[in-house]
Amino acid sequence: ITWFTDSMRESRPVAVETRHLIQDTLPAIPEGGAPAAEVSQYACQRRTTTDNYNVVFTDAFEVLAECYEFNQMDGRCLAFRRAASVLKSLPRGLSSLEETHSLPCLGGHAKAIIGEILQHGRAFDVEKVLSDERYQTLKLFTSVYGVGPKTAEKWYRSGLRSLDHILADQSIQLNHMQQNGFLHYGDISRAVSKAEARALTKAIGETVQAITPDALLALTGGFRRGKEFGHDVDIIFTTLELGMEENLLLAVIKSLEKQGILLYCDYQASTFDLTKLPTHSFEAMDHFAKCFLILRLEASQVEEGLNSPVEDIRGWRAVRVDLVSPPVDRYAFALLGWTGSRQFERDLRRFARKERRMLLDNHGLYDKTKEEFLAAGTEKDIFDHLGLEYMEPWQRNA
Ligand code: DCT
Ligand code: MG
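Treat the numbers as computed from the prediction; the structure is a model and nothing was measured.

## With respect to the overall build of the chain
Broken down by element type, the chain carries 18 helices and 10 strands. Counting the 398 residues in the chain, one finds 35% classified as buried. Sequence separation of 24 or more characterises 69% of the internal contacts of the chain that already satisfy a separation of 6 or more.

Right, here's the structure in full:
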């Protein structure tokens, strides 16, 4: 696992202190010419750490993207996610609208929002969304584990406005996942700390090891990218014995149950079929055996203690954990996919398709020109096949 070292952090400029230097140091725009240092339209060609110097703008864009998502306006949603991603990669905060001229993926609306925030500290369209009852309610409902935009919309349309309303409504049939979402709402809507993620990785690692001594395992998702907090813990593992990976996952689940820490388990059997590869869409889940869990984490397992309020005296908390177990020859692709960020993955696939005539997903990489699959033992192999400079996980926070 590649974590940020402290020396790396210290060498980075501090946003506030460098604001007055921006005019001199952001890429200058030569008269009538192209910008001096171009920012790529592809997130996989931009190094994006967890240091976001443009959080005022990216937070605003993410509110709008989410609003468009609730309204099923996918094009606009993606446009704002892309715009946010570009700003996240910048080495310092924007201080004038002119600086956006050399940047890709910023449309008229996005630029207008930036201009407004620079001038007034806030943007009208964003304020409007934030104070909108429908947005607020859909945001609240989708914060429950197992509740997607469609269900949230249905509840909103039937006049429901709070979580208490939903629990009191006799006509609503919650599925198993949603029941557990409500049961553990307080715990799983609270962020998971890096220390908690490490403790769970250790617990899962020991469980895997007890079943298969020579297994591969990695903490993926946001924590592998160096994030301090996340909404869940994503772990990938497999056995070196090809074909035994699904049995390993089933044995791990059984063991977690025996240990008394399995609070909820949604197991999804493998539907991996080499002949159906490659898929074209990213949003579709991959076909590997996986499970979505809620696990019980004891305070004694976490050196720094639990990320719980002081008045919470239970001595444990519930945490969402996703486990995936791909065949060993697919491990590098699955690791790359599950490390994210979503925007980074989306652009890796788009880059492969548009610039290389290749199809990439969590299962493999297909070269349409050569009409063959390209093998990879490491993430680096995949970047090499794509002719991309390697990006460390902590540079993939697009
Ligand atoms: N992923 C994927 N296919 C999907 C959805 C996600 O391959 N359909 C990948 C991208 C990131 C990774 O899985 C983990 O997903 P999340 O936990 O949702 O993202 P995260 O970056 O870990 O965010 P957080 O820190 O909030 O958990
Ligand atoms: Mg995650």
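## Some thoughts on unusual backbone geometry
For the bond running from glycine 340 to serine 341, omega is 0°, close enough to zero to count as cis. Inspection of the secondary structure puts serine 341 in the loop between α16 (331-339) and α17 (342-356). For glutamine 72, which is not glycine, the phi torsion reads 55° and is therefore positive. Positionally, glutamine 72 belongs in the loop between α4 (55-70) and α5 (74-88). When the 10 C-beta atoms within 10 Å are taken as the criterion, glutamine 72 is described as exposed. Although it is not a glycine, glutamate 371 adopts a positive phi angle of roughly 55°. Checked against the element boundaries, glutamate 371 lands in the loop between β9 (365-367) and β10 (372-374). With 7 C-beta atoms counted inside 10 Å, the residue glutamate 371 sits in the exposed group.

## Description of the environment of glutamate 389
Mapped onto the fold, glutamate 389 is located in the segment after α18 (379-386). Remark: the alpha-carbon pair of glutamate 389 and methionine 285, spanning 104 residues in sequence, is separated by 27 Å.

## Side note on the nonpolar core
By size, the foremost hydrophobic cluster in this structure holds 84 residues, and its most contacted members are Phe61, Ala83, Leu200 and Leu295. The element best represented in this core is α4, accounting for 8 residues. Filtering out sequence-adjacent residues up to four positions away, leucine 295 remains in contact with Leu200, Leu256, Ile261, Leu262, Leu263, Val319 and Val321.

## Remarks on the site of ligand 1
Contacts to ligand 1 come from 16 residues, most closely from Gly221, Gly222, Gly230, His231 and Gly340. Among the elements of the structure, α14 (221-224), α16 and α17 are those that each provide at least two residues to the shell around ligand 1. Residues that form the shell around ligand 1 fall into these classes: 2 nonpolar, 8 polar and 6 charged.

## Quick notes on the confidence of the model for the chain
Per-residue confidence for the chain averages 91 on the pLDDT scale, and 90% of its residues sit at or above 70. In this model residues 1-36 is a low-confidence stretch, pLDDT under 50, and it forms 33 contacts with partners more than four residues away in sequence or in other chains. If you check the scores for this complex, the pTM reads 0.90 and the ipTM reads 0.97.

## Focus: the sheet that holds strand β4 (residues 233-239)
Ordered by their spatial adjacency, 5 strands build an open sheet running β2-β4-β7-β6-β5, and the pairing between neighbours is mixed. Each edge of the open sheet is held by one strand with a lone partner, namely β2 (215-219) and β5 (262-268). Each adjacent strand pair in this sheet contributes to an overall mean axis angle of 20°, direction not counted. Direction of pairing for β2 relative to β4: antiparallel, over a ladder of 5 bridges.

## Let's talk about the packing of α16 against α18
Where α16 meets α18, the closest approach of the two axes is 8 Å, and the angle between their N-to-C directions is 85°. Judged on the interaxial angle alone, α18 and α16 are roughly perpendicular. For the pair α16 and α18, contact is made by Ala332, Phe333, Leu335 and Leu336 and by Glu379, Asp381 and Ile382, respectively. Of the residues assigned to the contact of α16 with α18, the class counts are 5 nonpolar, no polar and 2 charged.

## Structural notes on the packing of helix α13 (residues 194-211) against helix α15 (residues 245-258)
Where α13 meets α15, the closest approach of the two axes is 10 Å, and the angle between their N-to-C directions is 120°. Between α13 and α15, the angle is such that the two are oblique. Seen from above, α13 lies across α15 with right-handed handedness. Contact with α13, carried on its side by Thr207, Val208 and Ile211, involves Leu248, Ala251, Val252, Ser255 and Leu256 of α15 and no other residues of that element. Across the contact of α13 with α15, the residue classes tally to 6 nonpolar, 2 polar and no charged.

## As for the UniProt feature "binding site: Mg(2+)" (unreviewed entry) in the chain
UniProt annotation of "binding site: Mg(2+)" (unreviewed entry) refers to Asp232, Asp234 and Asp322 when read in the numbering used here. With the annotated positions falling across 91 residues, the maximum pairwise C-alpha distance of 7.4 Å places them together in a single cluster. Tracing the chain through its elements places aspartate 234 in strand β4. Judged by the 23 C-beta atoms lying within 10 Å of it, aspartate 234 is buried.

## What about α16?
In terms of burial, α16 is largely enclosed, as 9 of its 9 residues are buried. Buried within α16 are the following residues: Tyr331, Ala332, Phe333, Ala334, Leu335, Leu336, Gly337, Trp338 and Thr339. Against β2, α14, β4, β7 (316-325), α17 and α18 lie the buried residues of α16.

## Section: the pairing of β4
Within β4, 7 of the 7 residues are buried, which leaves the element mostly enclosed by the surrounding structure. Of the two faces of β4, the one holding Val233, Ile235, Phe237 and Thr239 and the one holding Asp234, Ile236 and Thr238 are both buried throughout. Alignment of β4 against β7, held across 4 bridges, turns out to be parallel. Bridged to aspartate 234 within β7 is aspartate 322.

Definitions and cut-offs
- Residues numbered from 1 in each chain as written.
- Chains lettered and ligands numbered in written order.
- Predicted model: local features only at pLDDT ≥ 70, side-chain atom pairs only at ≥ 80, totals over all residues.
- Helix = DSSP H or I, 4+ residues; strand = E, 2+ residues; numbered from the N terminus.
- Buried ≥ 20, exposed ≤ 12 C-beta atoms within 10 Å, placed from the backbone.
- Contact = placed C-beta atoms within 7 Å.
- Core = buried A, V, L, I, M, F, W, Y, C linked by C-beta atoms within 7 Å.
- Near = placed C-beta within 6 Å.
- Nonpolar A, V, L, I, M, F, W, Y, C, P; charged D, E, K, R; others polar.
- pLDDT = per-residue confidence, 0-100.
- Pairing = 2+ DSSP bridges.
- Axes fitted to C-alpha atoms, helices over the stretch in contact; angles between N-to-C directions.
- Parallel < 35°, antiparallel > 145°, perpendicular 65-115°, else oblique.
- Left-handed = near helix turned anticlockwise from the far one by under 90°.
- UniProt positions renumbered as here; feature names shortened; annotations may be inferred.

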